[in-house]
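Coordinate analysis (summary)
Take a look at the letters that make up each chain.
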Amino acid sequence: MKKDLLKMDDLSKEEILDILNLADQLKYEQKHGIEHPHLKGKSLGMIFEKSSTRTRVSFETGMYQLGGNSLFLTDRDLQIGRGEPIEDTARVLSRFIQGIMIRTFSQDEVEKLAKYASIPIINGLTDEEHPCQVLADLMTIRENKNILEGLKVAFIGDGHNMANSLMIGCLKVGMNFAIASPKNYTASEKYLSRAKEIAEKEGVQFTITTSPSEAAKNADVVITDVWASMGREDESAERLKAFEGFQVNKELMEVADKSAMVLHCLPAHRGEEISAEVLEEHANSIFDESENRLHAQKAVLVKLMK
Ligand code: CP
Ligand code: NVA
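Anyway, here's the lowdown on the structure attached to this text. (Residues numbered from 1 in each chain as written. Chains lettered and ligands numbered in written order. Predicted model: local features only at pLDDT ≥ 70, side-chain atom pairs only at ≥ 80, totals over all residues. Heavy atoms only, no water.)

Attention shifts here to the nonpolar core. One finds L135, L138, M175, F177, F206 and L301 to be the most contacted residues of the largest nonpolar core, which totals 60 residues. Those residues in contact with F177, other than ones at most four positions away along the chain, are V153, F155, L166, M167, C170, L171, Q205, F206 and T207. Grouped together as the second largest cluster of nonpolar side chains are 24 residues, A178, A180, F243 and L252 included. (Core = buried A, V, L, I, M, F, W, Y, C linked by side-chain atoms within 4.5 Å. Buried < 20%, exposed > 50% of the residue type's maximum accessible area, 1.4 Å probe, protein only. Contact = heavy atoms within 4.5 Å.)

Below you can see the structure in the form of structure tokens.
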């Protein structure tokens, strides 16, 4: 049976760790000029209904390095943009290519694509989830700290796609997780209750708060994301007000562990969710995190498409 990556919860703890191990190996091989054409002759369709720098370039070069190729498909060019149903697009593309990565708004659309396609579907970001980013984040944390289990991750900001996938991913691999969001911008009950369930099963701590410093206290990793995600730009002004005090800056980092890492999926808005100073101080890990999109996604592609 085909396997999809539609959301972080599609992966078990073992599957996450398996992907991270393969990602480390592929990164090593790439750095040492060892070719790994696991997907020779295979094609990945990449449907984009939102902008992207990292996701597009990492999937495209990743497929090339795996010996396959990729097709950059936007809703402006596809018949989807003129109303062809996703059910039909799924069945047509399944006859030509061996996998699809999709970046769009609605999670339901991605679930529907997966239901009708006979090939693996990978979520490259929806309003609910960003699982590929979280795999890269976990890879980066493990590279830096050597372990995942028992560390504390603090997410400061919007209870949107990044927060959802991070909560599920981090808790599953045995990390403690604290999320601080302003009232009215917390993650949905669906994600919070699933996160509580996982935390209980793993025996780790899960904290939901409106206080950034409570979340960041003694954290080993502090993560943030933009306040107005793609598709919500018209709410920027009101969000700027609502998220006052939620910036990851020097003052907040003082309560975190002394050797805490800072991660940001990027693009970043300096002076809003993160200060320029903190971003630059942690640029090494933040740009490693970007690079690791390539390696982590290559591992996902191999696991799903080989
Ligand atoms: N972090 C991330 O997904 O970046 P892009 O929007 O540039 O793909
Ligand atoms: N939350 C952000 C992530 C961008 C990679 C967005 O959806 O725009």
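Here the narrative resumes, following the displayed structure.
This part covers the pattern of salt bridges. One pass over the structure, following the stated rule, counts 24 salt bridges. Two residues, D9 and R194, come together in a salt bridge whose shortest N-O distance is 2.5 Å. One end of the pair, D9, is in the segment before α1 (13–31); the other, R194, is in helix α7 (residues 189–202), and 185 residues separate them in sequence. By relative accessible area, R194 is classed as partly exposed at 29%. Residue D158 pairs with R239 through a salt bridge whose shortest N-O separation is 3.1 Å. Taken together, the residues D158 in the loop between β5 (152–156) and α6 (161–172) and R239 in helix α9 (residues 236–242) connect sequence positions 81 residues apart. A single network of salt bridges, built from pairs that share partners, joins D9, K172, R194 and E197. (Salt bridge = Lys/Arg side-chain N within 4 Å of Asp/Glu carboxyl O. Helix = DSSP H or I, 4+ residues; strand = E, 2+ residues; numbered from the N terminus.)

Turning next to the site of ligand 2. Taken together, L125, N161, D225, V226, S229, M230, C265 and L266 form the complete shell of residues around ligand 2. One of the side-chain N or O atoms of N161 is found 2.9 Å from an oxygen atom in ligand 2. Within the side chain of D225, a nitrogen or oxygen atom sits 2.6 Å from a nitrogen atom of ligand 2. In isolation ligand 2 offers 270 Å² of accessible surface; the protein chains occlude 94% of this area. Of the residues assigned to the shell around ligand 2, the class counts are five nonpolar, two polar and one charged. (Near = heavy atom within 4 Å. Polar contact = N/O pair within 3.5 Å; in protein donor to acceptor, adjacent residues only side chain to side chain. Areas by Shrake-Rupley, 256 points an atom, 1.4 Å probe, with all protein chains shown as cover. Nonpolar A, V, L, I, M, F, W, Y, C, P; charged D, E, K, R; others polar.)

Evaluated as defined, the whole model comprises five aromatic pairs. Aromatic side chains F48 and F72 sit 5.4 Å apart centroid to centroid with 50° between the ring planes, which places their arrangement in the tilted category. Taken together, the positions of F48 in strand β1 (residues 43–48) and F72 in strand β2 (residues 69–74) put the pair 24 residues apart, joining distant regions of the chain. In this structure F48 comes out as buried when scored by relative accessible area, which is 4%. Taken together, a centroid distance of 6.2 Å and an interplanar angle of 75° make the contact between F243 and F246 edge-to-face. (Phe/Tyr/Trp six-rings, centres within 6.5 Å; stacked < 30°, edge-to-face > 60°.)

Let us look at the site of ligand 1. Taken together, S52, T53, R54, T55, R103, H130, Q133, C265, L266 and R293 form the complete shell of residues around ligand 1. Between ligand 1 and the protein, one listed contact pairs an oxygen atom with a side-chain N or O atom of R54 at 2.8 Å. Taking 260 Å² as the accessible area of ligand 1 by itself, protein coverage stands at 96%. Tallied by class, the residues present in the shell around ligand 1 amount to two nonpolar, five polar and three charged.

With respect to the helices and strands, the residue G45 is situated in strand β1. For G45, a relative accessible area of 0% corresponds to the buried category. If we ignore the near neighbours within four places in the chain, the residues touching G45 are L71, L73, I97, G99, I100 and M101.

What follows concerns the side chain of K145. Its location among the elements puts K145 in helix α5 (residues 131–145). In this structure, K145 is buried with no salt-bridge partner, the nearest side chain bearing the opposite charge being D220 at 5.0 Å. Separated by 2.7 Å, the side chain of K145 and the backbone oxygen of S259 make a polar contact. Discounting residues that sit within four places of it in the chain, K145 has contacts with L151, D220, S259, A260 and M261. (Lys, Arg positive; Asp, Glu negative; His and termini not counted.)

The next point concerns the state of the cysteines. Summed over all chains, the structure comprises zero disulfides. Lacking any disulfide linkage, C132 is separated from the closest cysteine sulfur, that of C265, by 12 Å. (Disulfide = S-S within 2.5 Å.)

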